[in-house]
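# Observations on the three-dimensional arrangement
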Amino acid sequence: MTGAPVLDIREVTKVYGSGDTAVHALRGVSLTVEHGDYVAVMGASGSGKSTLMNIIGCLDVPSSGDYLLDGLHVGGLDERRLAILRNRRIGFVFQSFNLIPRMSARANVELPLAYGGVRAAERRRRAAAALREVGLADRARHEPNELSGGQQQRVAIARALVTAPTLLLADEPTGALDSASTADVLAVFDRLARAGRTIVVITHEDEVAAHAERVVRLVDGRVA
């Protein structure tokens, strides 16, 4: 952990295309997220929230402005170094759980560690700890088709946590869930926030945003 904010976004713009067909997706967005913050980013379709999510997640780069992730200036990094930064600093949770069928919950959680070259015994230990953190220690051997939607999303959260990322970045994490599973997943985020995790949730749902400590609203590419 550095003394710098987890996210330091300064006057970031994003323009797609050029000339008469240019689309200004972000128009000078500034945002600071400190260690331990729980922030929801809200906005209607076309507000720029997906573009901002991609920039925060190092999946895209700004057209102008500065973005520092945990004190590291993202703008000057090439694709290889961006990939390393993504893998080490950010835990992603998506609307679709992206679990691999025919693999147990524990094996799915271990995957980022396997890609990172972590030894098998250490992978198992860390995956078991991550599953405990999301309340699924007793489901470690179950495959995705043996789990409810909410349980699958909690496995995905465990997978995001297993690398000990600086930031947990969730994009519409309850979008595919019923109300009971939504409540279970939001309770997990609440516990993680109380434990000091830094969480940014991209959502259009008031119910989800209500759990965050701070709500940032985007309108037409600007912070409202």
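Quick look at the structure, then. (Residues numbered from 1 in each chain as written. Predicted model: local features only at pLDDT ≥ 70, side-chain atom pairs only at ≥ 80, totals over all residues. Heavy atoms only, no water.)

### Things to note about helix H2 (residues 79-89)
Buried residues of H2: Leu82, Leu85 and Arg86, and no others. Each buried residue of H2 lies within a common arc of 100° when the element is viewed along its axis, so the set occupies one face. In H2, the exposed positions that point more than 90 degrees away from the buried face belong to Arg80, Asn87 and Arg88. (Buried < 20%, exposed > 50% of the residue type's maximum accessible area, 1.4 Å probe, protein only. Helix = DSSP H or I, 4+ residues; strand = E, 2+ residues; numbered from the N terminus. Arc of directions from axis to C-beta.)

### Brief notes about the sheet that holds strand E1 (residues 7-16)
One open sheet holds the four strands; their spatial order is E2-E1-E4-E5, and the pairing between them is antiparallel. Looking along the sheet, the strands with just one partner apiece sit at the ends: strand E2 (23-33) and strand E5 (72-73). Helix H1 (residues 49-56) contacts E1, E2 and strand E4 (64-69) of the sheet and is inclined by roughly 125° relative to E1. (Pairing = 2+ DSSP bridges. Contact = heavy atoms within 4.5 Å. Axes fitted to C-alpha atoms, helices over the stretch in contact; angles between N-to-C directions.)

### Considering the packing of helix H5 (residues 149-161) against helix H6 (residues 179-194)
Close contact between H5 and H6 brings their axes to 8 Å; oriented N to C, the two are set at 25°. Here H6 runs roughly parallel to H5, going by the angle between their axes. In the packing of H5 onto H6, the handedness of the crossing is right-handed. Between H5 and H6, the residues in contact are Gly150, Gln153, Arg154, Ile157 and Leu161 and Ser181, Asp184, Val185, Val188, Phe189 and Leu192, respectively. Looking at the contact of H5 with H6 residue by residue, the classes come out as six nonpolar, three polar and two charged. (Parallel < 35°, antiparallel > 145°, perpendicular 65-115°, else oblique. Left-handed = near helix turned anticlockwise from the far one by under 90°. Nonpolar A, V, L, I, M, F, W, Y, C, P; charged D, E, K, R; others polar.)

### Quick notes on the packing of helix H3 (residues 105-115) against helix H4 (residues 120-133)
Their axes nearest at 9 Å, the elements H3 and H4 cross at an angle of 120°. With respect to H4, the element H3 is oriented oblique. For H3 against H4, the interelement crossing comes out right-handed. Contacts between H3 and H4 involve Ala105, Arg106, Val109, Glu110, Leu113 and Ala114 on the former and, on the latter, Arg123, Arg124, Arg126, Ala127, Ala130 and Leu131. Among the residues forming the contact of H3 with H4, the class breakdown is seven nonpolar, no polar and five charged.

### A word on the pattern of salt bridges
All chains considered together, the criterion is met by 10 salt bridges. For Arg139, the salt bridge identified is with Asp138, shortest N-O distance 3.0 Å. Residue Asp138 is classed as exposed on the basis of its relative accessible area of 54%. Within the structure, one salt-bridge network assembled from shared partners comprises Arg106, Glu110 and Arg123. (Salt bridge = Lys/Arg side-chain N within 4 Å of Asp/Glu carboxyl O.)

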